[in-house]
Amino acid sequence: KGLFAHPLAKLLLGTAPAENRVGRYRLGVPIVETHGRPTVVDIMNGPQIAWLADGKRLHLNHGPIDLIVEAFGRDAERRRACEAAIARFGTMLTELVSELAELRQPVGAKLRHLAGSTARRMEVAAQKFHPEFITPMAAVAGAVADEIMAAMTATADLDKAYVNDGGDIAIHLAPGQSIRAAI
């Protein structure tokens, strides 16, 4: 039991059995479905999951995405929130890369039909500045933080939480709660 007993955490940490939930393999590397397309997941260079030294904050890193996550509330709810963060984080970079060409194009007057929820968050955030030249990539860090927070709060009843993606921070506060952030 515990945080790292989660099947995705085991996969990401390399402790999953050969018959894990991912399915097919190519040269020993798992293949997952991302937006209906098979995508190779490189375990050696894939997501990294670790608790920071204080034992309270979760560090999620994959390529350019580097998150610090902390949840406050009852232990079981905090655990559920962290498991949800890990599960959602596991495919996030692969999803974004699958739509990278489109995400590098400037937004237009109408929203495009992007497949991934994080990509859609990016498009909505950037589109508010149209007709100025802006691509959804301007909103990538904030959208990633928001997406992880959405997964956590959809799964767990938290007092408060934050997801920090390099200074783009998503914050959740239940009624009556507060949080201090130094900027």
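What counts as what
One numbering rule holds for all chains: residues counted from 1, following each sequence as written. Local features are withheld for residues below a pLDDT of 70 in this predicted model, meaning they are given only at 70 or higher, and side-chain atom pairs are given and counted only at 80 or more; totals for whole chains, interfaces and linings count all residues. Each side-chain value is worked out from all heavy atoms of the structure, with water and hydrogens disregarded. What counts as a helix is a DSSP run of H or I of at least four residues, what counts as a strand is a run of E of at least two, and both are numbered from the N terminus. Relative accessibility thresholds used throughout: buried, under 20% of the residue-type maximum; exposed, over 50%; partly exposed, between the two (1.4 Å probe, protein chains only). Residues count as neighbours in contact if any of their non-hydrogen atoms are within 4.5 Å of one another. Any Lys or Arg side-chain nitrogen located within 4 Å of an Asp or Glu carboxyl oxygen qualifies as a salt bridge. Here an axis means a line fitted to C-alpha atoms, over the contact stretch when the element is a helix, while the angle between two N-to-C directions is reported on a 0 to 180 degree scale. Orientation categories follow fixed angle ranges, with anything under 35 degrees roughly parallel, anything over 145 roughly antiparallel, 65 to 115 roughly perpendicular, and all other angles oblique. Crossings are classed by handedness, with left-handed meaning an anticlockwise turn of the near helix from the far one by less than a right angle and right-handed meaning a clockwise turn. The definitions used throughout rest on a 1 Å grid laid over the protein atoms alone, on which a cavity is an enclosed set of points accommodating a 1.4 Å probe that cannot get out and a pocket is an open set flanked by protein within 12 Å on both sides along at least five of seven lines; lining residues are those having an atom within 4 Å of a point. Grid points are joined across faces, edges and corners, and a volume is the space filled by probe spheres set on the points. Classification used: nonpolar for Ala, Val, Leu, Ile, Met, Phe, Trp, Tyr, Cys and Pro, charged for Asp, Glu, Lys and Arg, polar for all others including Gly. At least two DSSP bridges between two strands are needed for those strands to be called paired.

A. Focus on the side chain of glutamate 147. Relative to the assigned elements, glutamate 147 resides in helix H6 (residues 140–155). Given the relative accessible area of 7%, glutamate 147 is considered buried. With near-sequence residues (within four places) excluded, glutamate 147 lies in contact with Arg88, Met92, Ser117, Thr118 and Arg121.

B. Spotlight on the pattern of salt bridges. Across all of its chains, the model carries nine salt bridges by this definition. When the shortest N-O distance is used, the salt bridge between glutamate 77 and arginine 74 registers 3.7 Å. The salt bridge partner of glutamate 102 is arginine 112, with a shortest N-O separation of 3.1 Å. Residue glutamate 102 is found in helix H4 (residues 100–103), and its partner arginine 112 is found in the loop between H4 and helix H5 (117–127); the two are separated by 10 residues along the sequence. Residues participating in the shared-partner salt-bridge network are Arg88, Glu95, Arg121 and Glu147.

C. A look at the packing of H5 against H6. Closest axis-to-axis distance for the H5/H6 pair is 9 Å, and the angle between their directions is 130°. In terms of orientation, H5 lies oblique with respect to H6. Every pair of crossing elements has a handedness; the one defined by H5 and H6 is right-handed. Every residue of H6 that contacts H5 at Ser117, Thr118, Arg121 and Met122 is listed here: Val140, Ala143, Val144, Asp146, Glu147 and Ala150.

D. Layout of the environment of glycine 55. Among the structural elements, glycine 55 can be located in the loop between strand E4 (48–51) and strand E5 (58–62). Judged by its relative accessible area of 43%, glycine 55 is partly exposed. When the C-alpha positions of glycine 55 and glutamate 70 are compared, they lie 10.0 Å apart, and in sequence the two are 15 residues distant.

E. Layout of the layout of surface pockets. Estimates place the volume of the second largest pocket at around 170 Å³. What lines the second largest pocket is Pro64, Ile65, Leu93, Leu96, Val97, Leu100, Met137, Val140, Ala141, Val144 and Asp165. When residues of the lining of the second largest pocket are traced back to their parent elements, those giving at least two are helix H3 (92–98) and H6. Each residue belonging to the lining of the second largest pocket can be placed in one class, and the counts come to 10 nonpolar, no polar and one charged.

F. Region of interest: the sheet that holds E4. Ordered by their spatial adjacency, five strands build an open sheet running E4-E5-E6-E7-E8, and the pairing between neighbours is antiparallel. The open sheet has two edge strands with one neighbour each: E4 and strand E8 (168–173). Put simply, the sheet's adjacent strands are angled 15° from each other on average, direction ignored. Pairing of E5 with strand E6 (residues 65–72), which is carried by five bridges, proceeds in the antiparallel orientation. Note that in E6 the partner of leucine 58 across the bridge is valine 69. Taken strand by strand, helix H2 (residues 75–89) contacts E4, E5 and E6, and its axis lies near 5° from that of E5.

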